[in-house]
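Given next are the chains, with one letter for each unit.
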Amino acid sequence: MAFIIDGKRIAAETRAEIAAEVAEQKAKGVTPGLAVIIVGENPASQVYVRNKHRACGEVGMYSEVIEMPADTAEDALLARISELNADGRIDGILVQLPLPAHINEERVINAIAPDKDVDAFHPVNTGKIMIGNPDFLPCTPAGVMVMLEKSGIEISGKKCVVVGRSNIVGKPMAMLLLGANGTVTVCHSRTKDLAAHTREADILVVAIGRADFITGDMVKEGAVVIDVGMNRREDGKLTGDVDFASTSERAGAITPVPGGVGPMTITMLLRNTLTASKLHHGLS
Ligand code: GUN
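Residues numbered from 1 in each chain as written. Predicted model: local features only at pLDDT ≥ 70, side-chain atom pairs only at ≥ 80, totals over all residues. Heavy atoms only, no water.

Draft legend 1. Main features of the site of the ligand. Near the ligand, the surroundings consist of L94, V95, Q96, L97, D119 and F121. In this structure, Q96 approaches the ligand through a side-chain N or O atom, which is 3.2 Å from a nitrogen atom. Summarising the interface, the protein chains cover 79% of the accessible area of the ligand, which totals 280 Å² for the free molecule. Class assignment of the residues belonging to the shell around the ligand gives a composition of four nonpolar, one polar and one charged. (Near = heavy atom within 4 Å. Polar contact = N/O pair within 3.5 Å; in protein donor to acceptor, adjacent residues only side chain to side chain. Areas by Shrake-Rupley, 256 points an atom, 1.4 Å probe, with all protein chains shown as cover. Nonpolar A, V, L, I, M, F, W, Y, C, P; charged D, E, K, R; others polar.)

In structure tokens form, the structure reads like this:
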């Protein structure tokens, strides 16, 4: 039976470290601030945004949630972002995705000042990640890196396989593993004989968005398996992209869903907001 990497515990530890740093900042008269914009009423997005707002409060940060109706014109959203770019109380700006279909996501991401882009989605920040000189790390891949580090898992020289190539998870995940000297393969929906690749992995990160897609027979004995998936089964239960029952029989270590990567994502958003505040105020 695999060692269970407890994301909830690691997230709580990391948030306590962040809260202590926020307290130090506040003692210097600086309160890190995050603005989260939500357009429309997507129920899952509403839950995520509420959780982000609550998490800010718990570590002592300022945060505001800006709710805009689903029929908001793109120009009105861009104008609101422009105001936040100039707002001294706000260190980080996050526009919750997905956006309504009439709004161009790329234009919106590009409108956020790169030094307030706590999602690290702006091309300036994705470019900095690519060259290994980032200000902010994208929250989910950064959370995975912290989990590996805090679990004492060495990356250097290891064969790392990432399943999924999204801009939010798969691609930046591959870059961070490469930056930590892993030997990285990225697999995706067109990969031929996926299992031949996944069976080679010392560290397997799965972010493909298909419930229980990776099964135990696709994993090397003793591998580290990180499940980024978050899928709702027909019976209403949350499940990852990895079939936990069969995979945990073979893996050396595995993240559960829920309680694995999920709690780390918001934690890294807090970390990025703190980093942005330090950048803005010349503090370290
Ligand atoms: N929607 C789902 N995940 C994310 C995320 O990490 N950032 C933003 N802005 N929207 C999301």
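Draft legend 2. Representation of the sheet that holds strand 6 (residues 183-187) in the model. Across the sheet, six strands lie side by side as 1-11-8-7-5-6; this open sheet has parallel pairing. Two strands close off the open sheet at either side, each with one partner strand: strand 1 (3-4) and strand 6. Bridge analysis of strand 8 (residues 224-227) against strand 11 (residues 253-254) gives two bridges, and the strand direction is parallel. Each residue of the ladder has a partner; that of V224, found in strand 11, is A253. Of the strands in this sheet, strand 5 (159-163), strand 6 and strand 7 (203-206) are in contact with helix 7 (residues 170-179), which crosses strand 5 at around 170°. (Pairing = 2+ DSSP bridges. Helix = DSSP H or I, 4+ residues; strand = E, 2+ residues; numbered from the N terminus. Contact = heavy atoms within 4.5 Å. Axes fitted to C-alpha atoms, helices over the stretch in contact; angles between N-to-C directions.)

Draft legend 3. Examining the environment of G164 more closely. Here G164 is to be found in the loop between strand 5 and helix 7. Spatially, the C-alpha atoms of G164 and C187 are 6.0 Å apart, while their sequence positions differ by 23 residues. Contact partners of G164, with chain neighbours within four places excluded, come to G170, V186, C187 and A207.

Draft legend 4. Region of the structure containing the pairing of strand 3 (residues 62-68). Alignment of strand 2 (residues 33-39) against strand 3, held across seven bridges, turns out to be parallel. Considered in strand 3, the bridge of V39 is made with M68.

Draft legend 5. Quick peek at the sheet that holds strand 2. Spatially, 3-2-4 is the arrangement adopted by the three strands of the open sheet, whose pairing is parallel. At either margin of the open sheet sits one strand with a lone partner, and together these are strand 3 and strand 4 (92-95). Geometrically, the sheet is characterised by an average inter-axis angle of 15° between neighbouring strands, direction not taken into account.

Draft legend 6. Fine view of the nonpolar core. Residues I5, M61, L148, L177, V224, I226 and V228 are the most contacted members of the largest nonpolar core, which totals 49 residues. The contact partners of I226, leaving out residues within four places of it in the chain, are I5, V144, L148, L204, V205, V206, T255 and V261. Among the nonpolar cores identified, the runner-up in size contains 18 residues, and V39, I90, V108 and I112 belong to it. (Core = buried A, V, L, I, M, F, W, Y, C linked by side-chain atoms within 4.5 Å. Buried < 20%, exposed > 50% of the residue type's maximum accessible area, 1.4 Å probe, protein only.)

Draft legend 7. Up close: the pattern of salt bridges. Taken as a whole and judged by the stated rule, the model has 13 salt bridges. Taking the shortest distance from any N to any O, the salt bridge between E64 and R89 comes out at 3.9 Å. Here E64, found in strand 3, pairs with R89, found in the loop between helix 3 (74-85) and strand 4; they are 25 residues apart in sequence, far enough to count as distant. Taking relative accessible area as the criterion, E64 reaches 16% and is therefore assigned buried. Here R250 and E221 are joined by a salt bridge, their closest N and O atoms 3.8 Å apart. Taken together, the residues R250 in helix 9 (residues 244-250) and E221 in the loop between strand 7 and strand 8 connect sequence positions 29 residues apart. Linked through salt bridges whose partners overlap, the residues forming this network are R9, E13, E17 and K150. (Salt bridge = Lys/Arg side-chain N within 4 Å of Asp/Glu carboxyl O.)

Draft legend 8. Spatial organisation of unusual backbone geometry. Look at the link from L97 to P98: it is a cis peptide, with omega at 0°. Note that P98 resides in the loop between strand 4 and helix 4 (105-111). In the segment running from V257 into P258, the intervening peptide bond is cis, with an omega of 0°. Of note in the backbone geometry, N181 takes a positive phi value of approximately 70° without being a glycine. Turning to its location among the elements, N181 is positioned in the loop between helix 7 and strand 6. If you check the backbone angles, D193 has positive phi at about 50° while not being a glycine. Tracing the sequence through the fold places D193 in the loop between strand 6 and helix 8 (194-198). Residue D193 is classed as exposed on the basis of its relative accessible area of 53%.

Draft legend 9. Inspection of the state of the cysteines at higher detail. Tallied over the entire structure, the rule returns zero disulfides. Free cysteine: C56, not disulfide-bonded; nearest cysteine sulfur from C139 at 11 Å. The structure places no disulfide on C187, whose sulfur is separated from the nearest cysteine sulfur, that of C160, by 12 Å. (Disulfide = S-S within 2.5 Å.)

Draft legend 10. View of the packing of helix 6 (residues 139-150) against helix 7. Two elements in contact, helix 6 and helix 7, have axes whose closest approach is 9 Å; the angle formed by their N-to-C orientations is 35°. Helix-helix and strand crossings are classified by hand; for helix 6 and helix 7 the assignment is right-handed. Packed against helix 6, whose contacting residues are P141, A142, V144, M145 and L148, the element helix 7 presents P172, M173, L176 and L177 at the interface. Considered class by class, the residues forming the contact of helix 6 with helix 7 number nine nonpolar, no polar and no charged. (Left-handed = near helix turned anticlockwise from the far one by under 90°.)

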